[in-house]
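Residue-level structure breakdown
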Amino acid sequence: MGIRKFRVWRGDAAGGELKHYEVEVNEGEVVLDIVHRLQATQEPDLACRWNCKAGKCGSCSVEINGKPRLSCMTRMSTFEEDETVTVTPIRTFPIIRDLVTDVAFNYTKARETPAFAPPEGVAPGDYRMQQIDVERSQEFRKCIECFLCQNVCHVIRDHEENKPAFSGPRFFIRAAELDMHPLDAREDRKAYAQEDMGLGYCNITKCCTEVCPEHIKITDNAIIPMKERVVDRKYDPLVWLGRKIFRRDQLEGAVDSSVGRVHAEEPHEGVHWGRPKPAPQAAALGEDGHMDLTELTFNRPAAASPFGDDQEFPLPPEGLNYHHKDR
Amino acid sequence: MTTTAMRPSKARPRAAIAAKTLRTDKWRTPPLTIGAILLLFIVYSTVRLFMGRYYVVGDYGYLTPLYSPCLFKDCVPAASHFGQPLPAMPFFIPLGAIVFPVVAGFRLTCYYYRKAYYRSLWLSPQACAVQEPHKKYTGETRFPLILQNSHRFFFYLAAVVLAINVWDALHTFRGADGHFGMGLGTLIIWINVLALAGYTASCHACRHAFGGKLKHFSKHPLRYRMWVLISKLNPKHGFYAMVSLWTVMATDFYIMAVSAGWFSDLRFFN
Ligand code: SF4
Ligand code: SF4
Ligand code: FES
Ligand code: FES
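Residues numbered from 1 in each chain as written. Chains lettered and ligands numbered in written order. Predicted model: local features only at pLDDT ≥ 70, side-chain atom pairs only at ≥ 80, totals over all residues. Heavy atoms only, no water.

To continue, consider the site of ligand 1. Residue and element names in this part refer to chain A. Around ligand 1, a shell composed of 13 residues is seen, among which C153, C202, T205, K206 and C208 lie nearest. Secondary-structure elements contributing two or more residues to the shell around ligand 1 are α5 (154–157), α8 (207–211) and α9 (218–234). Here the shell around ligand 1 is built from residues that sort into eight nonpolar, four polar and one charged. (Near = heavy atom within 4 Å. Helix = DSSP H or I, 4+ residues; strand = E, 2+ residues; numbered from the N terminus. Nonpolar A, V, L, I, M, F, W, Y, C, P; charged D, E, K, R; others polar.)

With that out of the way, let us pick up the packing of aromatic side chains. In the structure shown here, the tally under the stated rule is 24 aromatic pairs over all chains. Through pairs of rings, three or more aromatic residues link up here, namely F106, Y112, Y113, F153, F155, Y156 and Y199 of chain B. When the ring centre of F105 of chain A is taken as origin, the NZ or CZ atom of K163 of chain A, which lies over that ring, is 5.6 Å away. In this arrangement the basic side chain of R267 of chain B is found over the ring face of Y60 of chain B, its NZ or CZ atom lying 3.6 Å from the centre. (Phe/Tyr/Trp six-rings, centres within 6.5 Å; stacked < 30°, edge-to-face > 60°. Lys NZ or Arg CZ within 6 Å of the ring centre and 35° of its normal.)

We now examine unusual backbone geometry. All names here are of chain B. A cis amide bond, omega 0°, links S68 with the succeeding residue P69. The residue P69 is located in the loop between β2 (62–63) and α2 (99–109) in this model. Omega for the bond connecting F143 with P144 falls within 30 degrees of zero, at 0°, which places this linkage in the cis form. Assignment of secondary structure puts P144 in the loop between α3 (111–120) and α4 (151–170). Its identity as a non-glycine residue notwithstanding, A129 has a phi of 60°, on the positive side.

With that settled, consider a nonpolar patch on the surface. Residues and elements named next belong to chain B. Together, F180, L187, I191, L266, F268 and F269 make up a nonpolar patch on the protein surface, roughly 590 Å² of accessible area in all. For the nonpolar patch, the secondary-structure elements that each account for two or more residues are α5 (184–201) and β4 (267–269). Note that F269 resides in strand β4. For F269, a relative accessible area of 44% puts it in the partly exposed group. (Patch = residues over 30% accessible without salt bridge, like charges linked within 9 Å, V, L, I, M, F, W, Y side chains within 5 Å. Areas by Shrake-Rupley, 256 points an atom, 1.4 Å probe, with all protein chains shown as cover. Salt bridge = Lys/Arg side-chain N within 4 Å of Asp/Glu carboxyl O. Buried < 20%, exposed > 50% of the residue type's maximum accessible area, 1.4 Å probe, protein only.)

On to the pairing of strand β3 (residues 61–64) of chain A. All names here are of chain A. Where burial is concerned, the two faces of β3 agree: the one with S61 and E63 and the one with V62 and I64 are both buried. Where β3 meets strand β4 (residues 67–70), four bridges bridge the pair, whose relative direction is antiparallel. Within β4, the position partnered with I64 by the bridge is K67. Here β3 folds back onto β4, and the loop between the two strands holds two residues, one of which, N65, carries a positive phi near 50°. For β3 and strand β5 (residues 85–88), the ladder comprises two bridges, and the chain directions are antiparallel. Following the sheet pairing, E63 is matched in β5 by T88. (Pairing = 2+ DSSP bridges.)

For the rest of this paragraph, the subject is the side chain of N106 of chain A. Structurally, N106 of chain A can be placed in helix α2 (residues 104–112). Among residues more than four places away in sequence, those in contact with N106 of chain A are F93, F147, Q150 and F171 of chain A. (Contact = heavy atoms within 4.5 Å.)

Another aspect to go through is the state of the cysteines. What makes a disulfide is a covalent bond joining the sulfur atoms belonging to two cysteines. Applying the stated criterion across every chain yields a total of two disulfides over all chains. The disulfide bridge from C207 of chain A ends at C128 of chain B, spanning 2.1 Å between sulfur atoms. Looking along the S-S bond of the C207 of chain A-C128 of chain B disulfide, the torsion reads about -90°, which is the left-handed sense. Within this pair, whereas C207 of chain A is found in helix α8, its partner C128 of chain B is found in the loop between α3 and α4, the two belonging to separate chains. Side by side, C207 of chain A and C128 of chain B carry an identical accessibility label, which is buried. The disulfide partner of C70 of chain B is C75 of chain B, and the S-S distance across this bridge is 2.2 Å. Because the torsion about its S-S bond is -85°, the bridge between C70 of chain B and C75 of chain B counts as left-handed. With respect to burial, C70 of chain B and C75 of chain B carry one shared label: buried. (Disulfide = S-S within 2.5 Å.)

The following block contains the structure:
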């Protein structure tokens, strides 16, 4: 297919710019191939994140011509021959370097969402569910956590200040999945979605559904049903009356609603490495300001371990601490 | 310069990209088109609402959906399929005052239309991955937008209005002599009723009420069936929303034109 024009954002937290490149493109290639060719031929220190190249790991999210996409699933044949293809990092999260952003926000939100609560008196292994009851939740299990939906959502993309209050579409499908789960024992998922996840911020403009590479109908099948469930609980006088009459309100609170809630501000211990954390050290740069990353000229087999070179794996088990305050 | 050894700290900057969007496709077209259609409908229905004339073709039983049910003393008798229990109203209360708040509220709080006008008329956001112009955003968390949660009540009322529309449409099989007859108007009115039925049945609140709210489908086989059926219609909700907007306008326009004598109804028989 010949030589094509590209613009790739290069830079880091201190600033950056779109740089122009001309790269060879072959039949059947995807944008990620081109990023790799750039790395191999012109920019050895171009940072990008990827893993499976099969649209299943969700690592390679970038914005291509302004649209949030998986770079491993965007075929070069979808562009015109003379088109300049612009590749930028996803915008909503802090930049680390070049095409790599820090998506920690999403893991914080994931940690805040209360996990599946098993029903009382049923031992693990004895869970029985009918297919039609779990069907709806199964759609949401297709999520590959590419966070493209989180990136495109204007609630946080255009309003950084909403981040503490808003969990985002990826976690609304999680909320819906658990609220629809036939065996989940929690009764407060609707309240949680509304009060702690910021469901009300979503104005159902459907951008999350438009970008989801797994084609999950995020808005129609998760967010809107969750909004309706919140209305059931909160705003529908008929349902409210029914609950009062049939005393269903007393069932609520069967699970203590404060259990399992984690908040971003709370200190989170994370993994205990069993020794002091290594001090940050700057990477060695060559004369051109680039990292020396070609294996041929590099004095070691790969880049330095972020855990420090003296860290042995697996970690000593007594030091491990996957601490969660409920467990 | 960021190095591999840098550690995350709070509030770090995003990539410094100044462009509001880097999209190169024609992302302006859909919101502009939809916005134009919505404005057209708003203007058209307002004008028609306050016109107070040409809303019924008595001979053939055609009644525009914008005025049905017509329950006021000053309605044309042929338009009042449900009698006239209410007194005549001053000029600023139009004859369609019964149905208008219901259908307007239904469409205003509809999940599809919300998307449509948030994008087209409020630019929040105008298109995906395009920066919106607003400084602050609280979504539907506070007044007035929190009232969008009332959608299901409008759905219940709209279901009644749909039944009334069907009743009205049954009156259209009539010729000038009072016996069975059919004309182009009959066809148009029935197409409109079908579009409205599709729109109402595919509503998200409907899907929720009939089965979506359940946790255990297996315990409610009938409601599960209903839910499956509605879930098949539901993805086309936006389509029905737009189609029914046009059919309502077309139906009303046709009845206005025939009633005002701009052209006469094309009769198939009688
Ligand atoms: S539909 Fe809601 S959650 Fe999805 S992108 Fe739009 S505002 Fe965000
Ligand atoms: S819901 Fe879709 S877009 Fe969002 S993280 Fe999961 S796979 Fe990605
Ligand atoms: S590399 Fe795994 S999804 Fe693209
Ligand atoms: S009418 Fe559109 S969602 Fe109810």
